[in-house]
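In case you want the letters, here they are:
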Amino acid sequence: MNRVVITGQGTINALGASAPETCKAMQEGRLGIGPLTFRDVDRLSVRIGAEVRDFDPANHFTRQEIAHFDRFTQFALLAAREAMEQSGLVVDAALAPRSGVILGTAGGGLQTQDANYRSVYQEGKNRVHPLVVPRLMHNAAAAQISIAHGLTGPSMTLSTACASSNHAMGQAFQTIRAGGAEIVLTGGVDAMLCFGGIKAWEALRVLSAEACRPFSANRNGMVQGEGAAVFVFENYVHARARGAEILAEVAGFGMSTDASDLVIPSQDGAMRAMQGALLDAGLAPEAVGYVNAHGTGTRANDRTECAAIRAVFGEHAEHLMVSSTKSMHGHVIGGTGAIELLACIMALKDGVIAPTISYDAPDPDCALDVVPNVARQARVAAVLSNAFAFGGMNAVLALRQA
Amino acid sequence: MSASVRNTVLSLIAEQAFLDPSEIRLDALPEELGLDSLSMVEAIFTIEEAFDISIPFDTQTAEGASNQKNIGALLAQIEALVGEKAEI
């Protein structure tokens, strides 16, 4: 079995247009949530979100590329470009077939769908752009990354709602560990901040109209964000041989399924996924110093997740830091686990624990150290990153210091 | 008006709960009828569609307050909203 390490990271989200900018914002506890600005927002009852602001595709892509790339593909390409640059990888003819792309997304090219349905149904047009299908398909972003970097090995896209990117990174980890590839660009992306996207979520009545306050007694729902994060996962031997800087080691991966309710979270499912990741990594619960929580800010998730963490860690839960960075970058749905992995790597590499901001008051059902409002300096040797999806599909990654 | 509003609301709640309208007691809480918060979100949606009104219904308050309202209180709220709409 090969060891798997991370040798590059890239992102674009409401907190920043790069990994360093995003980590700096997390350290400062900056809020990326604000008023939504897209067309017809006045017809929504929920009008806040974590948008990527001041984003001009023309600064990054040619006119023809823009015609071919949905917003989610653009985000994924920029994150992948940054990750590849940082890794210093040169993909030659021998490495290309041993390199792939495994991404998670829940919405795929939703904005392309939204805009084109609007044009044929609302505006009565009878013609759409010929590339609507290849723009909107869920694997478009992974495909464009493979083309941009000449990666000809195993590639795929996974879609498990809010756990998509954790499932994707877990799959990338297992692929390299089992010898199926040397390099996998992996992570996740979503860009669903458009009228149709939010209208559907609004109907479910789990969105907050004012703020995302994970674990806080006055929390009242989630806030949606957008963006991407992509990492270079690499066989440890390969990374060592080329003298690459290693950001962290991917130590283990755990998955479980609730098999009970489509949307109501299960303590047992969350617990089994965390236990599975610890077991796979060969980590004792006491070795973990930080958990990046799923922490959506809904009543049900946060209460259930805290109970699951207590059940897994027992007495050690009192010494564990648990934060939800969704309070800053919003819930990026299929991309959220990837953006949150940046906080995990920052904890291991820089000894900075990202806070849970907008935290007002303790909730007895969430009585853990949630790193309220202000980042903290702390050395941690191992971390977990939780993702618990609608559909009852749970995916937890375990990372340790390089 | 009120009798027909009442009959429509109770039959829509009954349909969501897989019960007969006569089994919907006004003093019952949704959960006593087997309706969890998501089922109530669905029931509220069908009632909003039936009367073309917007019913404030929050699954995310600290107390889960709206969901703890009994059927009679919900009915009174809906009758008021339908009444307001008729006055416009």
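Residues numbered from 1 in each chain as written. Chains lettered and ligands numbered in written order. Predicted model: local features only at pLDDT ≥ 70, side-chain atom pairs only at ≥ 80, totals over all residues.

**Remarks on the overall build of chain B**
Rules: A helix here means a DSSP run of H or I that spans at least four residues, while a strand means a run of E at least two residues long, and both kinds are numbered starting from the N terminus. Put simply, the radius of gyration uses C-alpha atoms, and a globule should come to 2.2 Å times the residue count raised to 0.38. For the purpose of contact definition, each residue receives a C-beta atom placed from its backbone, and two residues are in contact when these atoms lie within 7 Å.
For chain B, the count of helices and strands is four helices and zero strands. When the elements of chain B are put in sequence order from the N terminus, they spell out α-α-α-α. For chain B, the C-alpha radius of gyration of 12 Å lies close to 12 Å, the compact-globule estimate for 88 residues. Taken along its principal axes, the extent of the C-alpha atoms in chain B is 35 × 30 × 20 Å. For chain B, contacts bridging at least 24 residues in sequence account for 57% of all contacts bridging at least 6.

**Overview of the packing of helix H10 (residues 267–281) of chain A against helix H11 (residues 299–313) of chain A**
Helices that pack against each other are described as a pair by the angle of their axes relative to one another and the distance between those axes. All names here are of chain A. Here is the rule: Note on method: axes are straight lines fitted to C-alpha atoms, helices fitted across the in-contact stretch only, with angles between N-to-C directions ranging 0 to 180 degrees. Small angles under 35 degrees read as roughly parallel and large ones over 145 as roughly antiparallel, with 65 to 115 read as roughly perpendicular and the rest as oblique. Rotating anticlockwise by less than a right angle from the far helix to the near helix defines a left-handed crossing, while the corresponding clockwise rotation defines a right-handed one. Throughout this entry, Asp, Glu, Lys and Arg are counted as charged residues, while Ala, Val, Leu, Ile, Met, Phe, Trp, Tyr, Cys and Pro are counted as nonpolar. The remaining residues, Gly among them, count as polar.
Two elements in contact, H10 and H11, have axes whose closest approach is 8 Å; the angle formed by their N-to-C orientations is 45°. Comparing their axes, H11 and H10 come out oblique. When you trace H10 past H11, the crossing you get is right-handed. For the pair H10 and H11, contact is made by Gln-267, Ala-270, Met-271, Met-274 and Gln-275 and by Thr-304, Glu-305, Ala-307, Ala-308, Ala-311 and Val-312, respectively. Its residues assigned to classes, the contact of H10 with H11 shows seven nonpolar, three polar and one charged.

**Comments concerning the pairing of strand E9 (residues 288–292) of chain A**
Residues and elements named next belong to chain A. Quick reminder of the rule: The burial criterion counts other C-beta atoms lying within 10 Å of a residue's C-beta, which is placed from the backbone; the residue is buried at 20 or more, exposed at 12 or fewer, and partly exposed between these limits. A strand pair is defined by DSSP finding two or more bridges across the two strands.
By the criterion of burial, E9 is predominantly enclosed, with five of the five residues buried. As judged from the four bridges shared by E9 and strand E13 (residues 382–388), these two strands associate in the parallel manner. Following the sheet pairing, Val-291 is matched in E13 by Leu-384. In this sheet, strand E10 (residues 321–323) lies alongside E9 in parallel orientation, the contact comprising three bridges. The residue bridging Val-291 from the neighbouring strand is Val-322, located in E10.

**Topic: the sheet that holds strand E1 (residues 4–13) of chain A**
Residues and elements named next belong to chain A. The strand order E5-E4-E6-E7-E1-E8-E14-E13-E9-E10 describes an open sheet built from ten strands, whose pairing is mixed. Because the sheet does not close on itself, it has two edges, and the strands there are strand E5 (156–158) and E10. When the angles between neighbouring strand axes are averaged without regard to direction, this sheet yields 25°. The pairing of E13 with strand E14 (residues 393–400) spans seven bridges and is antiparallel.

**Quick notes on the nonpolar core**
Residues and elements named next belong to chain A. Short version of the rule: Residues of type Ala, Val, Leu, Ile, Met, Phe, Trp, Tyr and Cys that are buried and joined through C-beta atoms within 7 Å form what is called a nonpolar core. Domain start and end points were adopted from an automatic or database domain assignment.
Core analysis: the biggest nonpolar cluster contains 131 residues, and Ala-76 and Val-383 have the highest contact counts within it. With ten residues, the top contributor of residues to this core is helix H13 (residues 336–350). A domain-level breakdown of this core finds at least three residues from each of domain 1 (4–241) and domain 2 (252–400). Not counting the four nearest positions on each side in its chain, Ala-76 is found in contact with Leu-103, Ala-141, Ile-145, Val-189, Ala-228 and Val-230.

**Brief notes about the domain arrangement of chain A**
Residues and elements named next belong to chain A. Examined at the domain level, chain A breaks down into domain 1 (4–241) and domain 2 (252–400). Taking only C-alpha atoms into account, the centre of domain 1 sits 21 Å from that of domain 2. Listed by partner, the interface residues are 63 residues for domain 1 and 57 residues for domain 2. Broken down by secondary-structure element, the contributors of at least two residues to the side of domain 1 that touches domain 2 are E1, helix H1 (19–28), helix H7 (164–177), strand E6 (183–190) and strand E7 (227–235). Looking at the side of domain 1 that touches domain 2, the element that brings in the most residues is H7, giving eight residues. Looking at side-chain class alone, the side of domain 1 that touches domain 2 contains 30 nonpolar, 28 polar and five charged residues.

**Quick word on the interface of chain A and chain B**
Every contact between the two is made by twelve residues of chain A and, on the other side, ten residues of chain B. Its residues placed into classes, the side of chain A that touches chain B shows five nonpolar, five polar and two charged.

**Overview of the confidence of the model for chain A**
Cut-off, in case you're wondering: The pLDDT score gives, residue by residue, the confidence of the prediction method on a 0 to 100 scale.
Here chain A shows a mean pLDDT of 97. Residues at 70 or above account for 100%. Within chain A, the lowest mean pLDDT, 94, falls on helix H2 (residues 63–68) of chain A, and the highest, 99, falls on E7(A).

**Brief notes about the environment of Ala25(A)**
Residue and element names in this part refer to chain A. Structurally, Ala-25 can be placed in helix H1. Taking the C-alpha atoms as reference, Ala-25 lies 8.6 Å from Met-328; in sequence the two are 303 residues apart. With sequence-adjacent residues up to four places away left out, Ala-25 is seen in contact with Leu-15, Gly-16, Arg-30 and Met-328.

**Some points on helix H4 (residues 110–122) of chain A**
Residue and element names in this part refer to chain A. Quick note on the threshold: For a helix, the expected span equals 1.5 Å multiplied by the number of residues minus one.
Over its 13 residues, H4 runs 17 Å from end to end, which matches the ideal 18 Å to within 8%, given 1.5 Å per residue. When H4 is considered as a whole, its buried residues turn out to be Leu-110, Gln-111, Thr-112, Asp-114 and Ala-115. In this fold, the buried residues of H4 make contact with helix H3 (71–87), helix H5 (132–136) and helix H8 (195–204). Positive phi shows up at Gly-124, right after H4, with a value of about 70°.

**A look at the environment of Gly187(A)**
All names here are of chain A. Residue placement: Gly-187 occurs in strand E6. On the basis of neighbour counts, which here come to 37 C-beta atoms within 10 Å, the residue Gly-187 falls in the buried class. Each C-alpha atom of the pair Gly-187 and Val-232 lies 8.9 Å from the other, and the pair is 45 residues apart in sequence. Residues contacting Gly-187, with those up to four places away along its chain left out, are Ala-79, Leu-103, Ser-165, Ala-168, Met-169, Ala-228, Ala-229, Val-230, Phe-231 and Ala-338.

**Points about H11(A)**
All names here are of chain A. A rise of 1.5 Å per residue sets the reference length of H11, with its 15 residues, at 21 Å; its end C-alpha atoms lie 22 Å apart and thus fit the reference within 8%. Within H11, the full set of buried residues consists of Arg-299, Asn-301, Asp-302, Thr-304, Glu-305, Cys-306, Ala-308, Ile-309, Val-312 and Phe-313. Residues of H11 that are buried sit in contact with H10, E9, E10 and E13. Within two residues after H11, Gly-314 carries a phi angle of roughly 55°, on the positive side.

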